[in-house]
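Tertiary structure, described
The lines below spell out each chain.
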Amino acid sequence: MKKSVEEHASRFDEIASDYDDDNSAEYRACADLVIEAANPSADDVVLDLGTGTGAIALALADAVDRVVGRDVSEGMLSEARGKAADRGIENAEFGTGRFRAPEYDGPADVIVSNFAMHHLNDEEKREAIEVVAGYDPRRFVLGDLMFFGQPDPDEPFYDPELDDPATVGTLVEILTDAGFAVTHVHRVHEQVGVIVAERRD
């Protein structure tokens, strides 16, 4: 991780109120794909790691029994709670948690994450996905910065000082090692994609 969890949390606290307005087209495309690929059942519990302002969790709330969002930034969580209240969504719960310590011990039938895991280095991503696998979800959907080819160092889509994207191959390997079968890889941009992984029986 290029910055500490506390540094990331502080940075997101500062931008939380404007976060939804400042997202790129690639971010929005990723979010839409994550929501579609999550494909939960009506009685499912969905866990959204790195939930931010709750865009994914709240979009899925009407279709499921319950959504649980976890994030390191209290500012982002406050925005998510506010949006849930404004929309009258009562089956969403947001709290502080990290990828490797989500602070949630309930069921998670489907786990999603969008534009968050790239803050971890590859070994930390492995640890995080092992935590995800420990919930024994039916499906894990990861939208994030990821390399489909060799990134142009002169034109990075990401911020090299803050972000540490993995290659698609590395992510597929980590997911496979954790007991998932990767069923779809959607390329949004040469440095942005969505991976859908199903739990192997």
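A brief look at the structure comes next. (Residues numbered from 1 in each chain as written. Predicted model: local features only at pLDDT ≥ 70, side-chain atom pairs only at ≥ 80, totals over all residues. Heavy atoms only, no water.)

Orientation of helix 5 (residues 122–134) relative to helix 6 (residues 168–177), taken along the N-to-C sense of each, is 35 degrees, at an axis distance of 9 Å. Regarding helix 5 and helix 6, the two cross each other, and that crossing is right-handed. Contacts between helix 5 and helix 6 involve Asp122, Lys125, Arg126 and Ile129 from the former and Thr170, Leu171, Glu173, Ile174, Leu175 and Asp177 from the latter. Taken together, the residues of the contact of helix 5 with helix 6 break down into 4 nonpolar, 1 polar and 5 charged. (Axes fitted to C-alpha atoms, helices over the stretch in contact; angles between N-to-C directions. Helix = DSSP H or I, 4+ residues; strand = E, 2+ residues; numbered from the N terminus. Left-handed = near helix turned anticlockwise from the far one by under 90°. Contact = heavy atoms within 4.5 Å. Nonpolar A, V, L, I, M, F, W, Y, C, P; charged D, E, K, R; others polar.)

Over its 13 residues, helix 5 runs 18 Å from end to end, which matches the ideal 18 Å to within 8%, given 1.5 Å per residue. When we look at burial in helix 5, the residues that qualify are Glu124, Lys125, Ala128, Ile129, Val132 and Ala133. Two to three positions downstream of the cap, the backbone nitrogen of Glu123 sits 3.1 Å from a side-chain oxygen, assigning the N-cap of helix 5 to Asn121. One or two steps after helix 5, the chain reaches Asp136, where phi turns positive at roughly 55 degrees. (Expected span 1.5 Å × (residues − 1). Buried < 20%, exposed > 50% of the residue type's maximum accessible area, 1.4 Å probe, protein only. Polar contact = N/O pair within 3.5 Å; in protein donor to acceptor, adjacent residues only side chain to side chain.)

What follows deals with the nonpolar core. Soluble, globular proteins show a tendency: their nonpolar side chains are buried together. Core analysis: the largest hydrophobic core is formed by 29 residues, its most contacted members being Val46, Val67, Phe94, Val112 and Val141. Those elements that provide at least two residues to this core are helix 2 (25–38), helix 3 (55–61), helix 4 (74–87), strand 4 (110–114), strand 5 (139–147) and strand 8 (192–199). Tallying contributions element by element places helix 2 first for this core, with 6 residues. Other than its neighbours up to four places away in sequence, Val141 contacts Val34, Ala37, Ala38, Ile111, Val112, Ser113, Val194, Ile195 and Val196. Among the nonpolar cores identified, the runner-up in size contains 28 residues, and Tyr104, Ile129, Leu175 and Ile195 belong to it. (Core = buried A, V, L, I, M, F, W, Y, C linked by side-chain atoms within 4.5 Å.)

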